[in-house]
Amino acid sequence: MPGIRRPDTARTALILLVAALLLRIADFGSPIIHVDEQYYLLVGQRMLDGALPYVDIWDRKPIGLFLLYAGAAALPGDDILGYQIVATIFAGLTAIVVASGARALGASRAGALAAGIAYLIWLPLLGGRGGQAPVFYNLFIACAARLTLRLPSLAQTRGGLSIIANGALACLLAGIAIQIKPTAGFEAAFIGLAHVGWLVRARGWPAAAPAALLWIAIGAGPTLAAMLAYRAIGPAAFDAWWFANVTSIFLRPAYPVGQVAMRLLGIAAQLSPLVLCAAIGWRRRRVRLVGERGLAFGWLVAALVGFAAIGTFFDHYALPLLPPLAMISGIALGRIPRILVGTLVLGLLLMVVERAFIPHDAAGARRVAEVVRINSRDECPYVFIGDTATYSLSRTCLPSAQAFPNFLAYTTEAGATGVDPATEIARILAGRPPVIVASTRKMAIWNPQTLAVLKPALAQGYRPVYAVPRAGYRTVVFLRRDLTFIAP
């Protein structure tokens, strides 16, 4: 490829895969890395048991994410370790693509390797220690963006057919990413528009217009496949898919402004070293391949738009910013040794400090699950608030399709899940679950209507029988009063 240095060697790729393992192995086997991935695994497990997402077990994430988790759960051995190993492989492969892209932008080999390592370091700093959705879809988008960086070179040779084929593969990868998380659509749109622009330069609009239609069809293919699959199941299944994947996204109430502002400040602070490196890369006018660099910054802007689109600014929502930021940072990391050492050392120190404050509650969560399993007596327990991993570990049945506790317990989900939370909890309680899991946690976003239903039921029909520490509060297991407690 003229003007672009050769991609990283197999040795560099091996280093990055080993780095991914070393940086993430401390969390292997933990069932409680993050509440989101606990639920994704539960959905994947129940899919293997025949449950249909959005109908039998509800969430608003696309089917691609649950297929990944179902695949991980189908692997031999422990399901939790399985998805964490798969996530580690995805992280390592993404780091390899980041390093390759950094080389394409003009970074030295050392800078490219540092860019890949920086990606792996900042993943856990922004909530990507386990299997958050961007840990998976970043690989597909990064590969699509890496293909996009080839456009200036392809345009120089007026390789219209090569650009069309390049765009077809890039749009397919981006379309798969959208079926893991819809916000990838902003990056996908940029990738498609970039291909249109460069094809116009190479061959003009007569060639670009039909190619654009082809790319749109290919990019929309995975989503259309999901739609058609649910349509084939039946109208009710399709309606459930449409509500979960489209309608419900726009029904979520906003989080308090103060919380959102603090999250955004925290993300900005954690990303500041990479932002500084990227800014240096922008100012390095001596770096060749201006077209590639412009595409990389365009990708970063598209990722920023996707990050801002939801507006809740949880730390893991910033994970899609890492591939373009790290890739661009490779320019500065390779040219200024002090920045390379300082950035990576600072990132590692932040990791060490963060890990020092991570509570060691995994064993307690497993004990809670065992208590729930033994005392449920083949009936369905109810986790009002607590770890969704309780259902996975205990292998008990689910009392509701809205099994993720936040759906019924938080005001931020009221009206956005297709059921009235208070009515659904009243229905669950009418079934007299043998065990209810709650906690001593105090939050401003508790749904007062659901609490008004739950608290009298707990006081009248249940008694606390077990409790463990959980991140500054306590998880409490309540047993129905007519049942005898069975200790694990």
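Details of the structure are given in the entry above.
Residues numbered from 1 in each chain as written. Predicted model: local features only at pLDDT ≥ 70, side-chain atom pairs only at ≥ 80, totals over all residues. Heavy atoms only, no water.

Draft legend 1. Highlighting helix 1 (residues 10–24). Along its 15 residues, helix 1 runs 21 Å from first to last C-alpha, staying within 8% of the 21 Å computed at 1.5 Å per residue. All of the buried residues along helix 1 are Thr 12, Ala 13, Leu 16, Ala 19, Ala 20, Leu 23 and Arg 24. Here the buried residues of helix 1 occupy an arc of 120° about the axis, which is enough to place them on one side. Seen from the open side of helix 1, the exposed residues pointing more than 90 degrees away from its buried face are Ala 10, Arg 11, Leu 14 and Leu 22. Packed against the buried residues of helix 1 are helix 4 (79–104), helix 5 (109–125), helix 6 (133–148) and helix 15 (337–356). (Helix = DSSP H or I, 4+ residues; strand = E, 2+ residues; numbered from the N terminus. Expected span 1.5 Å × (residues − 1). Buried < 20%, exposed > 50% of the residue type's maximum accessible area, 1.4 Å probe, protein only. Arc of directions from axis to C-beta. Contact = heavy atoms within 4.5 Å.)

Draft legend 2. How the structure looks around the state of the cysteines. Within this structure, the stated rule accounts for one disulfide. In this model, Cys 380 is linked to Cys 397 through a disulfide, with the two sulfur atoms separated by 1.9 Å. Looking down the S-S bond of the Cys 380 and Cys 397 bridge, the torsion is -125°, so its handedness is left-handed. With Cys 380 in the loop between helix 16 (362–376) and strand 1 (382–383) and Cys 397 in the loop between helix 17 (389–394) and helix 18 (405–409), this residue pair connects regions lying 17 residues apart in the sequence. In this structure Cys 380 comes out as partly exposed when scored by relative accessible area, which is 24%. Taking relative accessible area as the criterion, Cys 397 reaches 31% and is therefore assigned partly exposed. Cys 143 supplies the cysteine sulfur nearest to Cys 171, a cysteine that is in no disulfide, at a spacing of 14 Å. Judged by relative accessible area, which is 7%, Cys 171 ranks as buried. (Disulfide = S-S within 2.5 Å.)

Draft legend 3. Spotlight on the packing of aromatic side chains. Per the stated rule, a full pass over the model turns up 22 aromatic pairs. Ring geometry for Phe 238 versus Trp 241: centroids 6.0 Å apart, planes at 25°, classification stacked. Remark: Trp 241 and Phe 238 occur in helix 11 (residues 235–245); sequence separation between them is three residues, near one turn of the helix. Its relative accessible area of 12% is what places Phe 238 among the buried residues. In textbook terms, an aromatic cluster arises when at least three aromatic residues are bridged by ring pairs, as seen for Tyr 40, Tyr 54, Phe 66, Tyr 69, Tyr 83, Phe 90, Phe 136, Phe 140 and Tyr 230. The ring of Phe 238 carries the charged tip of Arg 231 above its face, separated from the ring centre by 4.1 Å. Here the guanidinium or amino end of Arg 263 rests over the ring plane of Tyr 255, the centre of that ring lying 4.5 Å away. (Phe/Tyr/Trp six-rings, centres within 6.5 Å; stacked < 30°, edge-to-face > 60°. Lys NZ or Arg CZ within 6 Å of the ring centre and 35° of its normal.)

Draft legend 4. Main features of helix 10 (residues 205–233). Under the 1.5 Å per step criterion, the end-to-end length of helix 10 is 41 Å for 29 residues, consistent within 8% with the ideal 42 Å. Its axis deflected by about 50° at Gly 221, helix 10 carries its strongest bend there, up to four residues before the proline Pro 222. When helix 10 is considered as a whole, its buried residues turn out to be Ala 208, Ala 211, Ala 212, Trp 215, Gly 219, Ala 226 and Tyr 230. In the core, the buried residues of helix 10 are packed alongside helix 3 (63–73), helix 8 (160–178), helix 9 (184–203) and helix 11. Directly after helix 10, the chain includes Gly 234, whose backbone phi takes a positive value near 150°. (Bend = angle between axes of the 7 residues up to and from the residue.)

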